[in-house]
Amino acid sequence: MNPLLHPRSIPKSHPTILLLVAASCAWFVPLASPQRIPIDPQGAPEYAHSIRLDGDIILGGLFPVHSRGDRGTPCGELKKEKGIHRLEAMMFAVDLINKDPELLPNITLGARILDTCSRDTYALEQSLTFVQALIERDGSDVRCANGDPPIFTKPDKIVGVIGAAASSVSIMVANILRLFKISYASTAPELSDNTRYDFFSRVVPPDSYQAQAMMDIVTAMEWNYVSTLASEGNYGESGVEAFVQISRETGGVCIAQSLKIPREPRTGEFDKIIRRLLETSNARAVIMFANEDDIRRVLDAAKRNNQTGHFLWVGSDSWGSKISPVIGQERVAEGAITILPKRASVDAFDRYFRSRSLSNNRRNVWFAEFWEVNFNCKLGMHGKRPGSLKKCTGLEKVGRDSSYEQEGKVQFVMDAVYAMAHALHRMHRELCYGYPGLCPRMANNIDGKELLNHIRAVRFNGSAGTPVVFNENGDAPGRYDIFQYQINNRSTEYRVIGSWTNKLHLKLETLRWRTGDPSLPQSVCSLPCRAGERKKVVKGSPCCWHCERCEGYHFQASEFTCELCPYEMRPDINRTGCVPIPIIKLEWHSPWAIIPMFISMMGIVATSFVIVTFVRYNDTPIVRASGREMSYVLLTGIFLCYAITFLMIATPDIGVCSLRRIFLGLGMCFSYAALLTKTNRIHRIFEQGKKSVTAPRFISPASQLVITFSLISVQLLGVFVWFAADPPHTVVDYGEQRTQDPISARGVLKCDISDLSLICSLGYSILLMVTCTVYAIKTRGVPETFNEAKPIGFTMYTTCIIWLAFIPIFFGTSQSAERMYIQTTTLTISLSLSASVSLGMLYMPKVYIILFHPEQNVPKRKRSFKAIVTAATMSGKLTQKGGDRPNGEVKTELEHLTFLTTHINIS
């Protein structure tokens, strides 16, 4: 099998053979003898569009010497850097290899360099020259003018090809001809497919690495919404496809639009592209895989549409650090971030190229054209530059009379040539060991697989000192420099801002933007949500969302969800987590506590004063007539009603809660048990007096105390049962002040006493109070001289009014946020008012008489005058009514009245 051409690559019926037949006339030279074959590359017509360097082994070269032509012409203007610099680099590398005694000793490398004119179809037509040596020519039907058979010049056998530059050219040439190729600039990812392009290698990394590097740049800039722009063709489309694929795999970056620049753009096409990009104006970053000409026209369209400073350009290596795309539109390109395979300038090439002149570089058939373009002059009448330009002198010097900067791919061109040379050297050492020059095994036939293995196995330091290696797919490792186009003090430069070697290393502090703001510009569909807000993603666009605040007691659990805080917690100020709800209680300094405490303290002082007065005047008639034992029980209850206020305000704990249960209803129970016993005694005496003069049972002081403490014991028994059924403890009630705004939420520390328990605790005392009121009503007709029936009645009426007012206030505020304060204050004040009414109506008049009118504090026998008058009055009434009664009945009622007077005033 021929190593240079796969058997299925060019079948005899392949249409490309027609191109060879059409080109064959260049090889049919009418010669009288073989010596007439021209060998001067500039003089031979068949080499007019190619460069030929003789050698033992010939390498092909494909370079875009000219740009793509317009209006049907295959070639356009000369490319000084991408064309001339690169092909000169190949010839320079061949020269160095031929001079190197260690590399391919006694073997001379030659070259056949063609112009692709930046067009894949034209490049394919030119590349057919490389396979002419493999095609047998039949000249039986062809005769020269003199009738002699034609003499064919022997075509060069091309071992391998250096090139091409454009990926589309490399793909087409590799698909059709399947030549050994080492490219210096083709970066399309599909060329890494070893099953289709098994003879293809490259010294530049594929765009899959470049796309990853560009994705890392976008991520580092915190951009998540970008557009892509590609030149139609393998390079642009495959580069964008690789970028889009990476964005899908990694996530976090969304593609707003993917636009394509046609091969033959119509008028206004680039203005239309700018308008399309502005449809998603938030996607300011534009990822560009476009050729140099398209980049320049895109920038120009952005400038025409007044979009200077809007777009954030991220350019691939086709932009790199080139000046030509940004000339005249520096402002619109300012801030552009570009990427370029890591490279270094080759100083030896600079010296070589600066020394080139028309006289010493006749082997380059395009050098005269370069001379005219570079120095803006014309070479005689046959020069290719139109117009009235100055005439070239031939004494101009590159770098002195014109600007010069080494083109970026020069290093890679030289590395590609050296890679082929090292592979051939390894192969020569293996097949021709010890044989000077080419041995027959290499001269006649080179095994393709064997040479491929040697190419993939090369490893050496390239022209810039960087290692040159290939992986199993023939790709070079990814090493890139990251540039930013900056304008500083009216000067422009591509400044290195970082590098990429499997991972990004970016110097953010070196970035400069048009606005002068050091912060990174934004290219996002939606701005980041603030703390405490969740993202509600727009369907079909994961980088676009609406921000929704976590409301109520919800906090931001993740980027996309809000969750409810635990019941005892609330969201923090940023709603990014939960914090415990503050716990409060009724403080001593609160106005809700100060007022009840003031009333209680005044009541305690007044009660203590009454008790002290009664103790001091214990044996006086008024104290004795009041019922000393029952009075002290009643005053104890009044004192407890005042004292419970302080327990209700104190910080809840087990001890306080226990005391609250005991004394909350005990004070009222003491008071109303004593009053009930008193009113019951009066009622029983009067009822008994209506029937007979015999005294009722259990009216002695001792009996009264037993009855009173029996009633009180019922309250205590209920409390003890409550203790056993539900031991006292504290709770934190988070529902009482759970407001709609979590900031205002509070947990209330309280004793575990429900409203029902409270009512049950006070219920027995209220029952005593109601019963006492009933007896007060029944005894309302007792004469005012007969003990305390009427003051007790007034006390009970007033107390009932107080507690009737308490019930709606207490239960009506159960849903209020101030519930704890209102209910505690209402309860304590109601207790204090009840105690104050009893104290004021039952004991203050007595204390007043004891202290200020001691003359009235005498036994009732000494002031029986009033009793006599009263008795006489009642006697008169009875006499008036007794006209119709028997005398015996009237006499009996008078006896009963005397009996009642006697018993009621007994202390």
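Up top you'll find the structure we're talking about.
Residues take numbers from 1 onward in each chain, read along the sequence in its written order. Residue-level local features of this predicted model are given only where pLDDT is at least 70; pairs of side-chain atoms are given and counted only at 80 or more, and the full residue set underlies all totals for whole chains, interfaces and linings. Processing note: side-chain calculations cover all non-hydrogen atoms of the structure and skip hydrogens and water entirely.

How should the packing of aromatic side chains be read in this particular structure?
Aromatic rings considered in pairs are described by the distance between their centres and by the relative angle of their planes. We call Phe, Tyr and Trp rings a pair once their centres come within 6.5 Å, taking the six-membered ring for Trp, and we label the pair stacked below 30 degrees between planes, edge-to-face above 60, and tilted otherwise. Throughout the structure, instances matching the rule amount to 21 aromatic pairs. Centroid distance Tyr480 to Trp500: 6.0 Å. Interplanar angle 55°. Geometry classified as tilted. Highlighted residues: Tyr480 in strand 18 (residues 480–488) and Trp500 in strand 19 (residues 491–500), separated in sequence by 20 residues. The exposure classification of Tyr480 matches that of Trp500, with both residues buried. Ring centres 6.4 Å apart and planes at 80° place the aromatic pair Tyr567 and Tyr734 in the edge-to-face group. With Tyr567 in the loop between strand 24 (562–564) and strand 25 (569–571) and Tyr734 in strand 28 (residues 730–737), the pair connects residues that are 167 residues apart, well separated along the chain. Members of the aromatic cluster, each reached through a chain of ring pairs, are Phe92, Phe349, Tyr352, Phe353, Phe367, Phe370, Trp371, Phe375 and Tyr404. The ring centre of Trp545 lies 3.8 Å from the NZ or CZ of Lys535, which sits over that ring. A ring is considered to have a charge above it if a Lys NZ or an Arg CZ atom is located within 6 Å of its centre and within 35 degrees of its normal. One Lys or Arg, Arg661, reaches over the ring of Phe723 and ends 5.7 Å from the middle of that ring. Every helix listed is a DSSP run of H or I at least four residues long, and every strand listed is a run of E at least two residues long, numbered separately from the N terminus. Burial here depends on accessible area, computed with a 1.4 Å probe over protein chains only, as a share of the maximum for the residue type. Under 20% is buried, over 50% is exposed, and the range in between is partly exposed.

Please explain the sheet that holds strand 6 (residues 109–115) as it appears in this structure.
Sheet strands pair via backbone hydrogen bonds, and the direction of the pair is either parallel or antiparallel. A pair of strands is treated as paired once DSSP finds two or more bridges between them. On the basis of which strands lie adjacent, the open sheet formed by six strands has the order 2-6-3-8-9-10 and mixed pairing. Two strands close off the open sheet at either side, each with one partner strand: strand 2 (50–53) and strand 10 (200–202). Going from strand to strand, the sheet's axes swing by 20° on average, the running direction of each strand aside. Where strand 9 (residues 181–183) meets strand 10, three bridges bridge the pair, whose relative direction is parallel. Paired with Lys181 across the bridge in strand 10 is Phe200. Relative to the sheet, helix 12 (residues 410–431) contacts strand 3 (57–63), strand 6, strand 8 (158–162) and strand 9, its axis offset from that of strand 8 by approximately 155°. In this description, a line fitted to the C-alpha atoms serves as the axis of each element, helices being fitted only across the stretch in contact, and the angle between N-to-C directions of two axes falls anywhere from 0 to 180 degrees. What makes two residues a contact is simply this: any of their non-hydrogen atoms within 4.5 Å.

What is the right way to look at the pattern of salt bridges in this model?
Where side chains of opposite charge bring their charged atoms close, a pairing between them can arise. Here, a salt bridge means any Lys or Arg side-chain nitrogen found within 4 Å of an Asp or Glu carboxyl oxygen. Summed over all chains, the structure comprises 24 salt bridges. One salt bridge in this structure joins Lys82 and Glu292, with 3.9 Å as the shortest N-O distance. One end of the pair, Lys82, is in helix 2 (residues 80–99); the other, Glu292, is in helix 8 (residues 292–304), with 210 residues separating them in the sequence. Residue Glu334 pairs with Arg331 through a salt bridge whose shortest N-O separation is 3.3 Å. One network of salt bridges, in which partners are shared, links Asp271, Asp300 and Arg304.

I keep staring at the state of the cysteines and nothing clicks. Help me out?
As used here, a disulfide is simply a covalent bond connecting the sulfur atoms of two cysteines. We call a pair of cysteine sulfur atoms a disulfide whenever their separation is within 2.5 Å. Inspection of the entire model under this criterion finds nine disulfides. Paired through a disulfide, Cys432 and Cys439 show a sulfur-sulfur distance of 1.6 Å. Because the torsion about its S-S bond is -50°, the bridge between Cys432 and Cys439 counts as left-handed. Summarising the burial analysis for this pair, Cys432 and Cys439 share the class buried. Shown here is the disulfide that connects Cys525 with Cys544, its sulfur atoms set 1.8 Å apart. Note on the Cys525 and Cys544 pair: the S-S dihedral is about 110°, so by sign convention the disulfide is right-handed. Residue Cys525 is located in the loop between strand 20 (504–506) and strand 21 (533–538), and its partner Cys544 is located in strand 22 (residues 541–549); the two are separated by 19 residues in the primary sequence.

Help me understand a positive patch on the surface in this model?
Here, patches come from residues exposed beyond 30% relative accessible area and free of salt bridges, joined within 9 Å for like charges and within 5 Å for nonpolar side chains (Val, Leu, Ile, Met, Phe, Trp, Tyr). Working definition of accessibility: Shrake-Rupley area with a 1.4 Å probe, residue cover restricted to the visible protein chains. The charge count treats Lys and Arg as positive and Asp and Glu as negative. His and the chain ends do not count. Each charge is placed at NZ for Lys, CZ for Arg, CG for Asp and CD for Glu. A cluster of like positive charges, contributed by Arg266, Lys272, Arg275 and Arg276, occupies part of the molecular surface. You can see Arg275 is positioned in helix 7 (residues 269–278).

What am I meant to see in the sheet that holds strand 28 here?
Strand order in the open sheet formed by three strands is 27-29-28, and the pairing between neighbours is mixed. Each edge of the open sheet carries a strand with a single partner, namely strand 27 (583–584) and strand 28. Sheet analysis places strand 27 next to strand 29 (residues 746–751), joined by two bridges and oriented parallel. In the strand pairing of strand 29, Ile584 is matched with Val748.

Can you help me understand the packing of helix 20 (residues 701–725) against helix 21 (residues 755–778) in this one?
To characterise two packed helices, one gives the angle between the axes of the helices and the distance between these axes. Taken N-terminus to C-terminus, the directions of helix 20 and helix 21 make an angle of 170°; their axes are 10 Å apart at the nearest point. Classed by the angle they form, the pair helix 20 and helix 21 counts as roughly antiparallel. In contact with Leu711, Val714, Gln715 and Trp722 of helix 20, helix 21 contributes Ser757, Ser761, Tyr764, Ser765 and Leu768. In this classification, Asp, Glu, Lys and Arg are treated as charged, Ala, Val, Leu, Ile, Met, Phe, Trp, Tyr, Cys and Pro as nonpolar, and every other residue, Gly included, as polar. When the residues that make up the contact of helix 20 with helix 21 are grouped by side-chain class, the tally is five nonpolar, four polar and no charged. In this scheme, roughly parallel covers angles under 35 degrees and roughly antiparallel covers those over 145, while 65 to 115 is roughly perpendicular and the rest are oblique.

Before we go on, may I ask you to explain a nonpolar patch on the surface in this structure?
Together, Phe609, Tyr848, Leu851 and Phe852 make up an exposed nonpolar region whose accessible area comes to about 420 Å². With three residues, the single largest contributor to the nonpolar patch is helix 24 (residues 844–852). Mapped onto the fold, Tyr848 is located in helix 24. Here Tyr848 falls in the partly exposed class, since its relative accessible area comes to 45%.

Quick question: what am I supposed to make of the nonpolar core here?
The tendency in soluble globular proteins is for nonpolar side chains to be buried as a group. Residue types Ala, Val, Leu, Ile, Met, Phe, Trp, Tyr and Cys, when buried and joined through side-chain atoms within 4.5 Å, form a set referred to as a nonpolar core. In terms of nonpolar packing, the biggest core is built from 70 residues, with Leu87, Met90, Leu109, Phe349, Leu424 and Leu451 touching the most fellow members. Examining the composition of this core, we find that 14 residues originate from one element, helix 12, more than from any other. Every residue in contact with Leu424, bar those within four places of it in the chain, is listed here: Ile57, Leu59, Leu104, Leu109, Val159, Met442 and Leu451. Core analysis: the second largest hydrophobic core is formed by 50 residues, Ile622, Leu664, Ala835 and Ile850 among them.

Can you walk me through the pairing of strand 19 in this structure?
Sheet faces and side chains relate simply in a regular strand, where the side chains alternate between the two faces. Where strand 18 lies against strand 19, nine bridges are found, and the strand directions are antiparallel. Its bridge partner lying in strand 19, Ile482 is registered against Gly498. Where strand 18 folds back on strand 19, the antiparallel hairpin that results is connected by two residues, among which Asn489 adopts a positive phi of roughly 50°. Bridge count for strand 19 against strand 20 is three bridges, and the pairing is antiparallel. Within strand 20, the position partnered with Gly498 by the bridge is Leu506. What sits between the antiparallel neighbours strand 19 and strand 20 is a turn of three residues, in which Asn502 has the positive phi angle 70°.

Sorry if this is basic, but what is going on with the environment of Arg459 here?
Secondary-structure assignment places Arg459 in the loop between helix 14 (448–457) and strand 16 (460–461). When its relative accessible area of 66% is taken as the criterion, Arg459 is described as exposed. Leaving out residues up to four positions away in the same chain, Arg459 has contacts with Val468 and Val469.

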